[in-house]
Amino acid sequence: MKAAVILLPGLNRDRDMIAALTDIAGEPPLTIWQTETSIPDDIELIVIPGGFSYGDYLRCGAIAARMPVMKAVREKAENGTRVIGVCNGFQILVESGMLPGALMRNSSLKFVCREVELEIANNKTVFTSAYAQGQIIRCPVAHHDGNYFADAATLDLIEANGQVVLRYANGTNPNGSVNDIAGIVNKAGNVLGLMPHPENLITAAHGGTDGRALFESALGLVDA
Amino acid sequence: MIKARVTVTLKNGVLDPQGKAIEHALGGLGFSGVGQVRQGKVFDVVLETADRAQAEAELKAMGEKLLANTVIEDFAVEVE
């Protein structure tokens, strides 16, 4: 499965993401600059990495979400292409309306940079099929605005639909997210947004490989 | 030319940790009568048009498309 990484000014986790995808897929992903208006047909997985696009001006991800490339990402997603947004990438996906809810300032008002535990709340998605339902994995987080919010009606809907895919486990919620939500998918299940950084836990040199299966699932390298 | 101000505030019921921190800080400074503080944003926009109705419509569209995240925020438009 061919992967592409979207590049925007101010992102700083793009190199980590490219290294992770290269390691897992065996070939480097295509990189696509923000001003591009189309994404090649053979791309089946699009990844928006983390960082601080446009310096987080206005709101995190707000300006990036309105750049030309996001129109192309949306069109691809509507046709079934898999999309993953990590951290700022998640913020961009909610700002673009491709995922429900919003990400607000951490309830502690502090930037958090540490390891948390994540529960696989739904392993029946193309992103989590290589994990067991309820499995607890380790994952680093690093963000200031990861406090997931959705109004009560939206929350009921995404919980009922199984769109909550990852939750902070064992009291490790670092940001005050409602229902301990760390990652969600869209209704169709082909767009994933998550605050933690699985790309930073994929080789033994990182101190663990818990994040690897997420990309292996997304790239179709493992049987569910 | 038309000058306008767009004010963006968090919707009622949405937790505002920054507003809370400011509220506590005001208490710490001795302002004892502060019941609640909600933080927002102000955008002063100058439009190169004389058509007030058109300006108001455009400002409303700006609020909806970019200036506010309507999932969590409300906005108000004031034209001078």
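Going by the structure above, here's the rest.
Residues numbered from 1 in each chain as written. Chains lettered and ligands numbered in written order. Predicted model: local features only at pLDDT ≥ 70, side-chain atom pairs only at ≥ 80, totals over all residues. Heavy atoms only, no water.

1. Side note on the interface of chain B and chain A
- Contact with chain B, which involves 16 residues of that partner, is made by 13 residues of chain A.
- Counting every contact that joins chain B to chain A gives 1 salt bridge.
- Across the pair E73 of chain B and R59 of chain A runs a salt bridge, and its minimum N-O distance is 3.7 Å.
- Put simply, chain B and chain A have 6 residue pairs in polar contact (both at pLDDT 80 or more) between them.
- Where the side of chain B that touches chain A is concerned, the elements lending two or more residues are α1 (17–28), β2 (40–47) and α2 (52–67) of chain B. (Contact = heavy atoms within 4.5 Å. Salt bridge = Lys/Arg side-chain N within 4 Å of Asp/Glu carboxyl O. Polar contact = N/O pair within 3.5 Å; in protein donor to acceptor, adjacent residues only side chain to side chain. Helix = DSSP H or I, 4+ residues; strand = E, 2+ residues; numbered from the N terminus.)

2. Section: unusual backbone geometry
Residues and elements named next belong to chain A.
- At C87, a position not held by glycine, the phi torsion is positive, near 60 degrees.
- Relative to the helices and strands, C87 resides in the loop between β4 (82–86) and α3 (88–95).
- Classification of C87 as buried rests on a relative accessible area of 5%.
- The phi dihedral of N179 falls on the positive side, at around 55 degrees, and the residue is not glycine.
- One can find N179 in the loop between β9 (164–168) and β10 (181–185). (Buried < 20%, exposed > 50% of the residue type's maximum accessible area, 1.4 Å probe, protein only.)

3. A few points about the sheet that holds strand β1 (residues 2–10) of chain B
Residues and elements named next belong to chain B.
- The 3 strands lie next to each other as β2-β1-β3, forming an open sheet whose pairing is antiparallel. The open sheet has two edge strands, β2 and β3 (73–79), and neither has a second partner. Strand-to-strand twist across the sheet, computed as the mean angle between neighbouring axes with direction ignored, equals 20 degrees.
- Of the pairings in the sheet, the one linking β1 to β3 comprises 7 bridges and is antiparallel in character. Across the sheet, A4 pairs through a bridge with V79, a residue of β3. (Pairing = 2+ DSSP bridges. Axes fitted to C-alpha atoms, helices over the stretch in contact; angles between N-to-C directions.)

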